[in-house]
Amino acid sequence: MELVEEQIYTRIKAELFDLLLIDDNHSNYYHIPSELTYLIKTNLQALEVSLFLYNHEIDHFFLEASTMTSVVEELDQFFISSAKILPHLLNKTIIRQPLVVLDQLGDSSVTIPFKTLIEENGFLLIKQSNVNEYSNQFLQKIGRECEKFVNQVRKFTNIINEEKRYEQLNQITAKFHSSMSIDSVLEEIIETLEDIFPSFTHHLLLSHDNNNQNHMQIRDLNYDDNHIHELAMKAYVNGEVFFEQKEKQSILYAPLRGKQGVYGVLQITAHNSIAFPKREVDFIILLANTAGSAIENAQLYQQSKRLIVDLQLINATSHTLNSNLRLREIMAFMTDQMINSFNAQEVVFVLIDDNNELTVLPGSTSFFETKDSEEYIHFIHKKIKEEMDSLFIGELQTDHIVNAIYRSLMSVPMVHSDKLKGFALVLHKQPHHFTFEYFKLMQSLIHHSTLAFSNSMLREELEKLVITDHLTKLYSRKYLDEKILYSLSEDPQGTLLLIDIDNFKEVNDTYGHQVGDDILIQVADIIKMHIREKDIGARWGGEEFAIYLPRVDCKIGKEVAKRLIKKIENGTNPKITISCGLSYWGNDYKNSLNDLIFHADKALYKAKGSGKNQLVTYNVEN
């Protein structure tokens, strides 16, 4: 019998050696344990042979291979804890009694424990018709050869697989860094994970906004998202790998780290598994770091591109604003810039005067001409006045504005010489529409444009001072003359009214010159309230006023004059009256500027001389 055992032992050693030579690159470890079990089964003429190997990381024995066809397809389903099996194996060389390891495998006739630890420990389960056929010494020798064989193959395979993995990692790194598009990098990461770990489930949980909202494997890393596990948030915050164990499922959370920060978390789920092997964990960490660096580089590239575009926009805006545009033109230009740059739906510029009164500047969008806009304007005015800082609200709540139509909001104060001059406000109906990058750009735009706003308003104020009477705030006579000359060349007709306050000297003598000045202001205010925006009200000199009505015929001019005579008599304190002279022109009776003034003055003289507090019209036909 010893001779037979020696022959079998020699044959098994030779066949194991041949098996190593045939699979000379050891690239496919997984078929060798299976061939080992069949080799043992054939040489020992056993009924069935099963190989269990020990996993030190999770303290379990796994069924690595078996000649039982009923379990071959589901090897990873069969495992047993060391606490359950080790008491049967410790201090045993050969076990010749039935040992039920797993119900699906049935009773074993012989168990051969592996004793010399190199990398993995384990045991062979052999079902044999005649348990006493072979000696313990022989079976021990077979066990040692099998263990040495498995460990050697594992060692070679691990080395070669590691080489291939890191070669693959180099290729992946080059692939990741070949694109500067964040979306493309994310797609490459997902494709790589599916290629390397096809049996795992992968998710990228990103800390920044992404455009892959419809991609099931790419999600935002939100604190309030119930689908995001707390360990994922820990991995992101701490920059460390965390594991979660569930029944027949292992989940790994690896931070996507770059040099400047963490950009998200790689979540990998291994199904039907107790834990990740250490070599897989190490590789996944390297892969996650590579992916994090690629995301960081792409993000920095996108930021630099966006910064260049933003600087170009600010430069172009500053250049345009410094080209002596009128205030209305500046506002219209800035409104267009903000709509185009931020995809805003509504834009407004609000001026705050010394009396804390608000004025919507021309050029703002039409929504701010409606009543509904007032609630937004007053809310922003209150917040900016309290905080003296910009506002960035992703989702406007109903306690801020009842029935808020617009949910996204950005507002930046316009401050010049440490004084709040007003604010800019942009709105969008979609919550969280504006990004933080938009917000920073808007702050830069308003910062660079506030001086231009102030200069434009100051320039227009100075222009108005030049053409405006200081006391009454009506236009000057020079400005009136220019507008009449323009109308004479461009319009089909026009009417001139000359007005004189009756008995004004008596007002000054009775009440004093201060009251006299106040009467002049009262008359000027009534004139401004009862003429159109395009009509020109001017102080003619002393207690005399002039009104030019472009494109207005004599009949309407008379109505305006009579209305003013009545309003001034009833609306001044102390009560005064006025006399009015009217002249007009048309295509049939065109006058020069001097003729128009002369005729109006002649009519006024007649009104004063015939009882005052009346209108006299110069008859061009006479």
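In case you missed it, the structure is sitting above this.
Observations regarding the overall build of the protein
Scanning the protein from terminus to terminus reveals 16 helices and 20 strands. Every one of the 622 residues in the protein was classed for burial, and the buried ones make up 48%. The contacts in the protein between residues at least 6 apart in sequence include a share of 61% that link residues at least 24 apart. Carbon and sulfur atoms provide 49% of the accessible area of the protein, an area that totals close to 32400 Å².

Concerning the sheet that holds strand S4 (residues 110–113)
The strand order across the open sheet formed by five strands is S3-S2-S1-S5-S4, and the pairing between neighbours is antiparallel. If you trace the sheet from one side to the other, it starts and ends with strand S3 (79–81) and S4, each paired once. Across this sheet, the average inter-strand angle for adjacent strands is 25°, counted without regard to direction. Pairing of strand S1 (residues 48–55) with strand S5 (residues 122–127) involves six bridges; the strand directions are antiparallel. The residue of S5 that forms the bridge with Val-49 is Ile-126. Of the strands in this sheet, S1, strand S2 (60–66), S3, S4 and S5 touch helix H4 (residues 82–89), which is tilted by about 80° from S3.

Side note on the pattern of salt bridges
Counted according to the given criterion, the structure contains 15 salt bridges. Note that Lys-478 and Glu-482 form a salt bridge whose closest N and O atoms lie 2.8 Å from each other. Residue Lys-478 and its partner Glu-482 are located together in helix H12 (residues 477–490), separated by four residues, close to a single helical turn. On the accessibility criterion, Glu-482 (40% relative accessible area) is partly exposed. The closest approach of N and O atoms between Asp-491 and Arg-551, which form a salt bridge, is 3.2 Å. Of this pair, Asp-491 sits in the loop between H12 and strand S16 (493–501) while Arg-551 sits in the loop between strand S18 (544–550) and helix H15 (554–571), and the two are 60 residues apart along the sequence. For Asp-491, a relative accessible area of 12% translates into the label buried. When salt bridges with common partners are traced through the structure, they connect Asp-500, Asp-502 and Lys-608 into a single cluster.

A few points about the sheet that holds strand S9 (residues 249–257)
Strand order across the open sheet formed by five strands is S7-S6-S10-S9-S8, with mixed pairing between neighbours. Both edges of this open sheet fall to strand S7 (218–220) and strand S8 (242–246), since each of them pairs with a single strand only. When the angles between neighbouring strand axes are averaged without regard to direction, this sheet yields 20°. Here S9 pairs with strand S10 (residues 262–271) via eight bridges, running antiparallel. In the strand pairing of S10, Arg-257 is matched with Val-262. The sheet contacts of helix H6 (residues 182–196) involve strand S6 (200–206), S7 and S10, and relative to S6 the element is tilted by about 160°.

Describing unusual backbone geometry
Residue Pro-574 is reached from Asn-573 by a cis peptide bond, and omega for that bond is 0°. Residue position: Pro-574 is located in the loop between H15 and strand S19 (578–586). Positioned with a positive phi, Asn-356 is a non-glycine residue whose angle comes to about 65°. Position of Asn-356 among the secondary structure elements: in the loop between strand S11 (346–352) and strand S12 (358–360). For Asn-356, a relative accessible area of 32% puts it in the partly exposed group. For Lys-612, which is not a glycine, the phi torsion comes out positive at approximately 65°. Counting through the fold element by element, Lys-612 comes out in the loop between helix H16 (593–609) and strand S20 (615–617).

Points about helix H2 (residues 31–44)
The end-to-end C-alpha distance of H2, which contains 14 residues, comes to 20 Å, matching closely the 20 Å that a straight helix rising 1.5 Å per residue would cover. Listed as buried for H2 are Ile-32, Pro-33, Leu-36, Thr-37, Leu-39, Ile-40, Asn-43 and Leu-44. The buried residues of H2 occupy an angular sector of 160° when the element is viewed end-on, so they sit on one face. Two residues or fewer after H2 comes Gln-45, characterised by a positive phi angle close to 55°.

Brief notes about the packing of aromatic side chains
Tallied over the entire structure, the rule returns 14 aromatic pairs. An angle of 75° between the planes, with centres 5.1 Å apart, marks the rings of Phe-367 and Phe-368 as edge-to-face. Of the residues examined, Phe-368 reaches a relative accessible area of 6% and is grouped as buried. With a centroid separation of 5.0 Å and 35° between ring planes, the pair formed by Phe-392 and Phe-439 is classed as tilted. Of this pair, Phe-392 sits in strand S13 (residues 391–393) while Phe-439 is found in helix H11 (residues 436–466), placing the two residues 47 residues apart along the sequence. In this structure Phe-392 comes out as partly exposed when scored by relative accessible area, which is 33%. By relative accessible area, Phe-439 is classed as buried at 8%. Members of the aromatic cluster, each reached through a chain of ring pairs, are Phe-52, Tyr-54, Phe-61 and Phe-123.

Some thoughts on helix H7 (residues 230–238)
Buried within H7 we find Leu-231, Ala-232, Met-233 and Ala-235. Positive phi appears at Gly-239, one or two residues downstream of H7, with a value of about 70°.

Remarks on the nonpolar core
Phe-197, Leu-204, Leu-256, Leu-266, Phe-276, Ile-284 and Ile-295 are the most contacted members of the largest nonpolar core, which totals 31 residues. Secondary structure elements with two or more residues in this core: helix H5 (136–176), H6, S6, S9, S10 and helix H8 (278–321). Looking at this core element by element, the count peaks at nine residues for H8. Those residues in contact with Leu-204 that lie beyond four places of it in its chain are Leu-186, Ile-189, Ile-190, Gln-217, Ile-218, Arg-219, Leu-256, Val-265 and Leu-266.

Procedures and definitions
- Residues numbered from 1 in each chain as written.
- Predicted model: local features only at pLDDT ≥ 70, side-chain atom pairs only at ≥ 80, totals over all residues.
- Heavy atoms only, no water.
- Helix = DSSP H or I, 4+ residues; strand = E, 2+ residues; numbered from the N terminus.
- Buried < 20%, exposed > 50% of the residue type's maximum accessible area, 1.4 Å probe, protein only.
- Contact = heavy atoms within 4.5 Å.
- Areas by Shrake-Rupley, 256 points an atom, 1.4 Å probe, with all protein chains shown as cover.
- Pairing = 2+ DSSP bridges.
- Axes fitted to C-alpha atoms, helices over the stretch in contact; angles between N-to-C directions.
- Salt bridge = Lys/Arg side-chain N within 4 Å of Asp/Glu carboxyl O.
- Expected span 1.5 Å × (residues − 1).
- Arc of directions from axis to C-beta.
- Phe/Tyr/Trp six-rings, centres within 6.5 Å; stacked < 30°, edge-to-face > 60°.
- Core = buried A, V, L, I, M, F, W, Y, C linked by side-chain atoms within 4.5 Å.

These figures capture arrangement, not role.
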